[in-house]
Amino acid sequence: MPRASLTDRILIATNRRLLVLRPLSRIPEDSDLEPVPGDDGLPWLGHTLAMVFLRDPMPFLRYRYEQFGPVSWGRILGQYWVFPLGPKASEVVLQNRDKAFANGPGWGYWIGPFFHRGIMLLDFEEHLHHRRILQHAFTNERLSGYLEKMTPAIARGVAGWRTGARFPFLASIKQLTLDLATEVFMGAKLGRETNEINRAFIETVRAGFAVLRYPIPGTRWARGLHGRRVLERFFRELLPAKRASDSSDLFAVLCRATSEDGHRFTDDDVINHMVFLLMAAHDTTTITMTTMAYYLAKHPEWQERLRDESFALGKDELEFGDLEKLSGLDWVMREAMRLVAPVPYLARKTVKDTSICGHFVPKDTFVAVLPQFAHHMPEYWSQPERFDPERFAPHRREDKVHPYAWQPFGGGVHKCIGMHFAGVQIKAIFHRILRRYRWSVAPNYKTKFDFAGLPVPKDGLPVRLERVVDA
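Computed from a predicted model, the values in this text were never measured in an experiment.

Rules and cut-offs
- Residues numbered from 1 in each chain as written.
- Predicted model: local features only at pLDDT ≥ 70, side-chain atom pairs only at ≥ 80, totals over all residues.
- Heavy atoms only, no water.
- Phe/Tyr/Trp six-rings, centres within 6.5 Å; stacked < 30°, edge-to-face > 60°.
- Helix = DSSP H or I, 4+ residues; strand = E, 2+ residues; numbered from the N terminus.
- Buried < 20%, exposed > 50% of the residue type's maximum accessible area, 1.4 Å probe, protein only.
- Pairing = 2+ DSSP bridges.
- Contact = heavy atoms within 4.5 Å.
- Axes fitted to C-alpha atoms, helices over the stretch in contact; angles between N-to-C directions.
- Parallel < 35°, antiparallel > 145°, perpendicular 65-115°, else oblique.
- Nonpolar A, V, L, I, M, F, W, Y, C, P; charged D, E, K, R; others polar.
- 1 Å grid on protein atoms, 1.4 Å probe; cavity = no way out; pocket = protein on both sides within 12 Å on 5 of 7 lines; lining within 4 Å.
- Points joined across faces, edges and corners; volume = space filled by probe spheres on them.
- Salt bridge = Lys/Arg side-chain N within 4 Å of Asp/Glu carboxyl O.

J.: Outline the packing of aromatic side chains, listing residues and values.
T.: Given two aromatic rings, one states the distance between the centres and the angle between the planes to describe the pair. By the definition in use, this model includes 25 aromatic pairs. Taken together, a centroid distance of 5.8 Å and an interplanar angle of 80 degrees make the contact between tyrosine 146 and phenylalanine 421 edge-to-face. In this pair, tyrosine 146 is assigned in helix α7 (residues 140-159) and phenylalanine 421 in helix α16 (residues 419-436), connecting sequence segments 275 residues apart. Aromatic side chains phenylalanine 235 and phenylalanine 251 sit 5.7 Å apart centroid to centroid with 85 degrees between the ring planes, which places their arrangement in the edge-to-face category. Taken together, the residues phenylalanine 235 in helix α10 (residues 220-243) and phenylalanine 251 in helix α11 (residues 250-256) connect sequence positions 16 residues apart. Across this residue pair, the class does not change: phenylalanine 235 and phenylalanine 251 are buried.

Following this line, the structure appears as structure tokens:
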């Protein structure tokens, strides 16, 4: 685990002094389960500062793990949450064998008003029904077609990057992924509305972590609601043409997709899924690629290794069958997701009494699985703070020590439906970047990731960008 900062140490010491251990709830008399231990944290704030606003919540979570064990409770933004820490506790929630943990009311607390009825917020039979229809958009045949559509757009986008000092990697890759998501998912390029749509996505993602959760003008919550309205209006205006289209972009595919019993998505279903999927394809891949770029700048030997791998293919444009040949790039992608989980928290709420690792969890309890914590546990990973992509190589496979040691895509029936699309997009983009550019940072440079929402570098990751000779 990383060494705690002065702020972390003060916060932990304060919580230790205020610690009043008590169980989450009373256990039924006929139960042999243990109560969930925990504490209220700071007055009024609870654990909000540590879990939402600190640069790195890992030292605080490690303290809780050592204090209470793998299952504990605390308060965030006025709500009581249970934290299952580590692969074993995470597996119980994500596998959800007794169907006690629901996504909708869990995620709904954070992002419900902004991404309501996206696939991640549906549960049980309804979720399965929607997922079966959505899977038509993510077959290998579709992924191969998306790669073919992405390739020229990637070439145009990357070719326009300006070399020199302080190249803004985060902003540039974010714009590229938005362009790709709109072209591949919608079959069209954005025009003058590009900035408005980009801003709408940023505001909707960040709004879920607002402290003031009312639509007061000018607040983060109000900006998120406005962003949602912008996105709904944007997709609804395009929908009639997509209903009539036979094109192969995701938007049109969702309009035509049919379940085994002949059901299709309603207009509202299509819009809800497009808002969510476009956000996921736009934001989470941006985070992963920015993390990859950061560590490859800090470890130029790995950057050169991947560049040699891409040049060995002998072509700029990847075909679907080439993806498995980029093994080193795959390891770096996985290691970046381990070091900085694109989605650090996975929210659930219990719909009936249940248990986690022998602890009684009552109905109507919020639960937060924390992939970021599991990914940094020295109990499962050797030198977990070290950038070491070969931990995913066949001769090591540290991620196989437990099925949920590595969980950036979640797990169970809610495992990310777009995980393979993400891999295709990330590899296609980095293959092109590696063959065209070399990038670096000062030896003592260290970025700070902002966890107030999805994790991104606070400084935008400025790098020195240079053309690769004879590229």
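Let's pick the thread back up.
J.: So what's going on with the sheet that holds strand β6 (residues 346-350)? Residues and values would help.
T.: Strand order across the open sheet formed by 5 strands is β2-β3-β9-β6-β4, with mixed pairing between neighbours. Two strands in the sheet have a free side with no partner beyond their single neighbour: β2 (71-76) and β4 (101-102). Relative to strand β9 (residues 366-369), strand β3 (residues 79-84) is paired through 2 bridges, and the arrangement is parallel. Paired with valine 82 across the strands is valine 367, a residue of β9. The strands that helix α3 (residues 58-68) touches are β2 and β3; relative to β2, the one it contacts most, it runs at about 135 degrees. Strand contacts of helix α5 (residues 103-115): β2, β3, β4, β6 and β9, with the helix running at about 125 degrees to β6, the strand carrying the most contacts.

J.: Quick one: what's the story with the packing of helix α9 (residues 194-207) against helix α12 (residues 267-298), residue by residue and with numbers?
T.: Taken N-terminus to C-terminus, the directions of α9 and α12 make an angle of 95 degrees; their axes are 11 Å apart at the nearest point. By the angle class used here, α9 and α12 are roughly perpendicular. Residues Asn198, Phe201 and Val205 of α9 touch α12, and the partners they reach there are Val275, Leu278, Met279, His282 and Asp283. The residue makeup of the contact of α9 with α12, split by class, is 5 nonpolar, 2 polar and 1 charged.

J.: Outline the layout of surface pockets, supporting the account with residue identities and numerical values.
T.: When its volume is computed, the largest pocket comes out at roughly 730 Å³. Lining the largest pocket we find 32 residues, and of these Asp330, Arg334, Trp406, Met419 and His420 sit closest to its centre. For the lining of the largest pocket, the secondary-structure elements that each account for two or more residues are α7, α14 (327-339) and α16. Here the residues of the lining of the largest pocket are counted per class, giving 15 nonpolar, 9 polar and 8 charged.

J.: Describe the pattern of salt bridges, naming the residues involved and giving the relevant values.
T.: Opposite charge on two side chains permits them to pair, given that their charged atoms come into close proximity. A complete count under the given rule lists 30 salt bridges for this structure. Between lysine 242 and aspartate 249 there is a salt bridge whose closest N-O contact spans 3.0 Å. For aspartate 249, a relative accessible area of 2% corresponds to the buried category. Here arginine 305 makes a salt bridge to glutamate 390, at a shortest N to O gap of 3.1 Å. With arginine 305 in helix α13 (residues 300-313) and glutamate 390 in the loop between α15 (371-374) and α16, this pair connects stretches of sequence that are 85 residues apart. By relative accessible area, arginine 305 is classed as partly exposed at 36%.

J.: So, the packing of α12 against α14: which residues are in play, and what are the values?
T.: The contact between α12 and α14 brings their axes to 9 Å, and the two run at 105 degrees. On the basis of their axis angle, the class for α12 and α14 is roughly perpendicular. Contacts from Thr288, Thr291, Met292, Tyr295 and Leu296 of α12 reach α14 at Leu329, Val332, Met333, Ala336, Met337 and Leu339. Here the residues of the contact of α12 with α14 are counted per class, giving 9 nonpolar, 2 polar and no charged.

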